[in-house]
Amino acid sequence: MAVKRNRWLIALAAVGIHISIGSVYAWSVFTGPLQESIGWSLSDVSFTFSLAILFSGLSAAFMGHFVERYGPRMSGLVATLFFAIGMGIGGYAVQVESLWLLYISYGVFGGIGLGIGYITPVSTLIKWFPDRRGMATGLAIMGFGFAAMIASPAMEFLMDAFSIPATFFVLGSIYFIVMLASSLYLERPPEGYMPEGMKNTDDSPREVKRDYVQLTANEAIKTRRFYFLWLMLFINITCGIAILAVASPMAQEITGVTVAAAAIIVGVMGVFNGAGRLIWASISDYIGRPNLYTIFFVIQIGVFAILPVVTNEYLFAILLFIMISCYGGGFAAIPAYIGDIFGTRQLGAIHGYILTAWAAAGLVGPLIVAEIYEVTASYTLTLYIFTGMFVVALILSLLIRADIRKIRESAGATAGSSQTVQDKPQTAE
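Here is a short report on the structure shown in this document.

The rules behind the values
- Residues numbered from 1 in each chain as written.
- Predicted model: local features only at pLDDT ≥ 70, side-chain atom pairs only at ≥ 80, totals over all residues.
- Heavy atoms only, no water.
- Phe/Tyr/Trp six-rings, centres within 6.5 Å; stacked < 30°, edge-to-face > 60°.
- Buried < 20%, exposed > 50% of the residue type's maximum accessible area, 1.4 Å probe, protein only.
- Axes fitted to C-alpha atoms, helices over the stretch in contact; angles between N-to-C directions.
- Helix = DSSP H or I, 4+ residues; strand = E, 2+ residues; numbered from the N terminus.
- Parallel < 35°, antiparallel > 145°, perpendicular 65-115°, else oblique.
- Left-handed = near helix turned anticlockwise from the far one by under 90°.
- Nonpolar A, V, L, I, M, F, W, Y, C, P; charged D, E, K, R; others polar.
- 1 Å grid on protein atoms, 1.4 Å probe; cavity = no way out; pocket = protein on both sides within 12 Å on 5 of 7 lines; lining within 4 Å.
- Points joined across faces, edges and corners; volume = space filled by probe spheres on them.
- Core = buried A, V, L, I, M, F, W, Y, C linked by side-chain atoms within 4.5 Å.
- Contact = heavy atoms within 4.5 Å.
- Polar contact = N/O pair within 3.5 Å; in protein donor to acceptor, adjacent residues only side chain to side chain.
- Salt bridge = Lys/Arg side-chain N within 4 Å of Asp/Glu carboxyl O.
- Expected span 1.5 Å × (residues − 1).
- Patch = residues over 30% accessible without salt bridge, like charges linked within 9 Å, V, L, I, M, F, W, Y side chains within 5 Å.
- Areas by Shrake-Rupley, 256 points an atom, 1.4 Å probe, with all protein chains shown as cover.

**Side note on the packing of aromatic side chains**
No. 1: Counted by the stated rule, this structure contains 26 aromatic pairs.
No. 2: A centroid spacing of 5.1 Å and a plane angle of 80 degrees characterise the contact between F226 and Y227, whose relative ring orientation is edge-to-face.
No. 3: Residue class for Y227 comes out partly exposed when judged on its relative accessible area of 40%.
No. 4: What links up through ring pairs into an aromatic cluster is the set W280, Y293, F296, F297, F304, Y337, F386 and F390.

**As for the packing of helix α9 (residues 224-255) against helix α12 (residues 313-342)**
No. 1: Remark: α9 packs on α12, axes separated minimally by 10 Å, with the N-to-C direction vectors making an angle of 160 degrees. Judged by the angle between their axes, α9 and α12 are roughly antiparallel. Where α9 crosses over α12, the two elements pack in a sense that is left-handed.
No. 2: Classifying every residue of the contact of α9 with α12 by side-chain character gives 23 nonpolar, four polar and two charged.

**Looking at the layout of surface pockets**
No. 1: Reported here for the largest pocket is a volume of approximately 1,300 Å³.
No. 2: Forming the boundary of the largest pocket are 34 residues, of which Y25, S28, F49, L244 and A245 lie nearest the centre.
No. 3: Secondary-structure elements contributing two or more residues to the lining of the largest pocket are α2 (28-38), α3 (42-62), α6 (133-161), α9, α10 (259-287) and α14 (356-376).
No. 4: Of the residues contributing to the lining of the largest pocket, the split by class is 21 nonpolar, 12 polar and one charged.

**Here we look at unusual backbone geometry**
No. 1: A positive phi angle, near 60 degrees, is found at E97, a position not held by glycine.
No. 2: Along the chain, E97 turns up in the loop between α4 (64-95) and α5 (99-128).
No. 3: Owing to a relative accessible area of 48%, E97 belongs among the partly exposed residues under this scheme.
No. 4: If you check the backbone angles, A377 has positive phi at about 60 degrees while not being a glycine.
No. 5: Relative to the helices and strands, A377 is located in the loop between α14 and α15 (380-414).

**Re the nonpolar core**
No. 1: Formed by 131 residues in total, the largest nonpolar core has its most connected members in L34, Y118, L229, I243, M269, L320 and F342.
No. 2: Ranked by residues supplied to this core, first place goes to α12 with 18 residues.
No. 3: In this structure, L320 is in contact with I243, M250, I265, M269 and L307, ignoring residues within four places of it in sequence.

**Side note on empty space enclosed by the protein**
No. 1: Tallied over the entire structure, the rule returns one cavity of 30 Å³ or more.
No. 2: Estimates place the volume of the largest cavity at around 50 Å³.
No. 3: Looking at the largest cavity, the residues that line it are V67, E68, P72, T120, S123, T124, K127 and R188.
No. 4: Residue assignment for the lining of the largest cavity shows that the elements contributing at least two residues are α4 and α5.

**Focus: the side chain of Q214**
No. 1: Position of Q214 among the secondary structure elements: in the loop between α7 (164-185) and α8 (217-220).
No. 2: At 2.9 Å, the side chain of Q214 and the backbone nitrogen of R345 are in polar contact.

**Focus: the environment of R188**
No. 1: By the element assignment, R188 lies in the loop between α7 and α8.
No. 2: Its relative accessible area of 32% is what places R188 among the partly exposed residues.
No. 3: Residues R188 and P72, 116 residues apart in the sequence, show an inter-C-alpha distance of 7.0 Å.
No. 4: In contact with R188, not counting residues within four places along its chain, are V67, E68, R69, Y70, G71, P72 and W128.

**Focus: the pattern of salt bridges**
No. 1: This model, assessed by the stated rule, comprises four salt bridges.
No. 2: Across the pair R73 and E187 runs a salt bridge, and its minimum N-O distance is 2.8 Å. Of this pair, R73 sits in helix α4 while E187 sits in the loop between α7 and α8, and the two are 114 residues apart along the sequence.
No. 3: With relative accessibility at 30%, the residue R73 sits in the partly exposed group.
No. 4: Among the residues examined, E187 registers a relative accessible area of 27% and is labelled partly exposed.
No. 5: The shortest N-O distance in the salt bridge between D285 and R289 comes to 3.0 Å.
No. 6: R289 sits in the buried class, given a relative accessible area of 7%.

**Structural notes on the packing of α4 against α5**
No. 1: It is at 7 Å that the axes of α4 and α5 come closest, and there the two elements cross at 150 degrees. Taken together, the axes of α4 and α5 lie roughly antiparallel to each other. α5 is crossed by α4, and the crossing has left-handed handedness.
No. 2: Within the contact of α4 with α5, the residues separate by chemical class into 20 nonpolar, 12 polar and two charged.

**A closer look at α7**
No. 1: Taking 1.5 Å per residue, 22 residues should reach 32 Å; α7 reaches 32 Å between its end C-alpha atoms and fits that length.
No. 2: Of the surrounding elements, those touching the buried residues of α7 are α1 (7-21), α2, α4, α5 and α6.
No. 3: The N-cap of α7, judged by a side-chain oxygen 3.2 Å from the amide nitrogen of A166 a few residues on, is S163.

**Structural notes on a nonpolar patch on the surface**
No. 1: Together, I279, I283, Y286, I287 and I295 line one region of the surface with nonpolar side chains, adding up to about 470 Å² of accessible area.
No. 2: Looking at the nonpolar patch element by element, the count peaks at four residues for α10.
No. 3: Within the secondary structure, I287 sits in helix α10.
No. 4: For I287, a relative accessible area of 32% corresponds to the partly exposed category.

**Quick look at the environment of Y175**
No. 1: Turning to its location among the elements, Y175 is positioned in helix α7.
No. 2: Judged by its relative accessible area of 8%, Y175 falls in the buried class.
No. 3: Here the alpha-carbon distance between Y175 and F83, two residues 92 residues apart in the chain, equals 8.3 Å.

Right under this line is the structure:
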């Protein structure tokens, strides 16, 4: 007999996994100490983070089918094992001063655990919260966004009190326990699950929107709306992660703020990154995902066009906070958007394919801003290029609506009822 699950505890378990794996965004805390204690260069240490992001995107893409086939509990346990191995052997690599072992452990194994752990709870929450898809996924991914704020001071404390290897061992043990407990509670909802008070009846207080299509991952990638969504996410992440990489020096150059003031701006950006994931994703439940992404891109066109000429430090900071909230919101609302336009049949696998945009953007964004700055000695051209990229994203957000209308019209003509309709794959015309 299956144990009855509480969907809010499922959501808490998802947050537990994401807070653990999201610690990867606090990697920069290790940069200075590793350079000073071992003598590795900045590029040597930074490449560990790049590897972790690269393998997270690749594992999310290739392991999405594994998540769908074996379920969230098994997938969560695999993510736990890989991430814990990455942390544990990573600590040993630092202890013996082996850079290549650090790359293999934290970069490759940790990155694989990160990717699997990222998509596992998200696809599960979508199915437990058919009435609040955006809010549910935003809650979990908010944990990912806030993770660095929790991990950073913990890393600083442990390194000061003990050593760098000990920091890896202690945090790895804590993450292992949290992820193990969270994974063991994860479970798919029963077939045909509908939360109480949300039944599709005439007297229900709120009717759950039905899915018009239920595509497999292989069918989804044959539609043009998959590539529209991929490019929208790629642009949003490319520009956002590039600004995250240079927010401090950019603020100092454009507005003349001190190093300390720039550090405060960067810290507050982390708050807006995390909060934006929950707030924007929750808003999407009411205004719809197509409207949300159109709003994102309109806002960011304005922000990036204005930033180069803003010299007031307070206005500059406010614009950065708005921009980074859209960046976080774009991450959080994408799983719900996938469910809306492809269904939940193989949501984990489709989400994995879409997240290859994250891996690509993680490499492209910082590279663009660094290369252009080296040539021009200014961030102005980069900001205007990003403005143009968001114009493209805005156009894509409007084009994808045409596909959504076709899906709804086709579903209505075929079914004429509340039954879910199987969609035939549409090729990218």
